[in-house]
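Residue strings, one per chain:
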Amino acid sequence: MDRTNKIINVLVIILVLNLLVAITKLFFGQLLNSNSLTADGFHSLTDTFSNIIGIIGMKLARKPADKKHPYGYQKYETLAGLTIGFLLFGILLQIIVSAIDRFINPVEIEFSIPAIIAIVLTIFINIFVAVFEYRYGRKLQSEVLISDSIHTKSDIFISIGVLITIILIKLNVPVIIDPIVSLIIAVFIFKSSVEIFKSNIGVLVDKKVVDEEIIKKFLMEADEEVLDVHRVRSRGKLDYIYIDLHIITRPELSVDKAHELSHKLEKLLEDHLGRRVDLNCHIEPFEDPHIELH
Ligand SMILES: [Zn+2]
Ligand SMILES: [Zn+2]
C-alpha cells in the first residue's frame, strides 16, 4: 500500500472514532439534559470535518505530475493541513464568544455521574486518537496527520475543561468558573492552531528544510570529487524535498562522471535525510573562481 492510501486509511479510522465520540456525547447530553455535554458533542461532530478535509486533500495530492503541474500536486496535502488549522481557529473563536456570553449570562451546570463517565470515556478515545495519529503522521511524514493530531490534542483540553468545570461547580465554586476555564482552554487552542499554521505555511512559502552546513559537510565527506559546495537551498514537505546547490569539482572530470556523481549524491542524501530528495546540482570547475561563475 502506498503512503497516500495509508494516510487515508488512518484518517478513515479516526473519522469513525470521532463520530463515535460525537454520538456518545450527544446521546448522553440529550439523555441527561446536559447543555455542556451536548455542546461538546456538536464540537466533536465538527472534528469529523477535519478528517474529511484531510481525506480530500490526500486524494488531490496523489495525482501524478502533469503538463500543467510539473512538480505534482503534493502541496494539496499541506493546504489541507492549513485548512485544519483554520477550522481549529474557528472553534477557538466560538469558545471565546461563548465564554463571554456566559460571563454575562451565567448558566446552571448540572452534575451527573453518567455525564462524567461519558466525558472520561471520550477523553480516553481522544488520547488514543491523538497518539495514534501523531505516530502515523511522523512515520508517514504527513502534514495532514500531524496537523489533525494537534487538533485532536486540543479536543482533549476542551473535554478536560468541561470535566473540571462540572467537578468544581459540584464543590460549590461559583458558576463564573465555567467561562474562566473556557478562556484558559482557549489559550491552549490558540497555541495549537499557531503550531499548525507555522508548519504548513513554512512548506507553502518554501522555508528552508535542511541546514546548509549539514548538506555541505555531508556531500564533501561523501565523495572526494566534491571539492566544495555552495549556494545550497532546500524546500519541500516532510516526505519530499527539493535541494538546489552548486558543486565544485576537478575541471578534467568528464561529463559522464559528473552526471554519475550527481545521481550518487542524490541517492546518498535520500538515505541520509530519510525522505525523498530531488537534487539539482550545478557543476563548476575548481580552477575558476566560482564567485564569478555562479
Ligand atoms: Zn541523470
Ligand atoms: Zn557557484
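Residues numbered from 1 in each chain as written. Chains lettered and ligands numbered in written order. Predicted model: local features only at pLDDT ≥ 70, side-chain atom pairs only at ≥ 80, totals over all residues. Heavy atoms only, no water.

1. Re the coordination of the zinc ion (ligand 2)
Ideal geometry at a metal gives 109.5 degrees between four tetrahedral donors and either 90 or 180 degrees between six octahedral ones.
Part 1: Protein coordination at the zinc ion (ligand 2): the donors are His 230 (NE2), His 246 (ND1) and Glu 284 (OE), at 2.0 to 2.3 Å from the metal.
Part 2: Within one chain, the residues donating to the zinc ion (ligand 2) are spaced in sequence as H-x15-H-x37-E. Within this pair, whereas His 230 is found in strand E1 (residues 228–236), its partner His 246 is found in strand E2 (residues 240–249), the two being separated by 16 residues in sequence. As far as burial versus exposure is concerned, His 230 and His 246 are alike and both buried. (Donors = N, O, S within 2.8 Å, 3.2 Å for Na, K, Ca; no water. Helix = DSSP H or I, 4+ residues; strand = E, 2+ residues; numbered from the N terminus. Buried < 20%, exposed > 50% of the residue type's maximum accessible area, 1.4 Å probe, protein only.)

2. Quick word on the pattern of salt bridges
Part 1: Per the counting criterion, the structure on display carries 14 salt bridges.
Part 2: Between Lys 208 and Asp 211 there is a salt bridge whose closest N-O contact spans 3.4 Å.
Part 3: The exposure class assigned to Asp 211 is partly exposed, which follows from its relative accessible area of 34%.
Part 4: The network of salt bridges with shared partners includes Arg 3, Glu 77, Glu 143, Lys 237 and Asp 239. (Salt bridge = Lys/Arg side-chain N within 4 Å of Asp/Glu carboxyl O.)

3. Let's talk about a nonpolar patch on the surface
Part 1: A contiguous nonpolar patch, built from Ile 100, Phe 103, Ile 104, Ile 176, Ile 180, Leu 183, Ile 184 and Phe 188 and spanning about 680 Å² of accessible area, is present on the exposed surface.
Part 2: Where the nonpolar patch is concerned, the elements lending two or more residues are helix H3 (75–104) and helix H6 (177–204).
Part 3: With 4 residues, the top contributor of residues to the nonpolar patch is H6.
Part 4: Positionally, Ile 184 belongs in helix H6. (Patch = residues over 30% accessible without salt bridge, like charges linked within 9 Å, V, L, I, M, F, W, Y side chains within 5 Å. Areas by Shrake-Rupley, 256 points an atom, 1.4 Å probe, with all protein chains shown as cover.)

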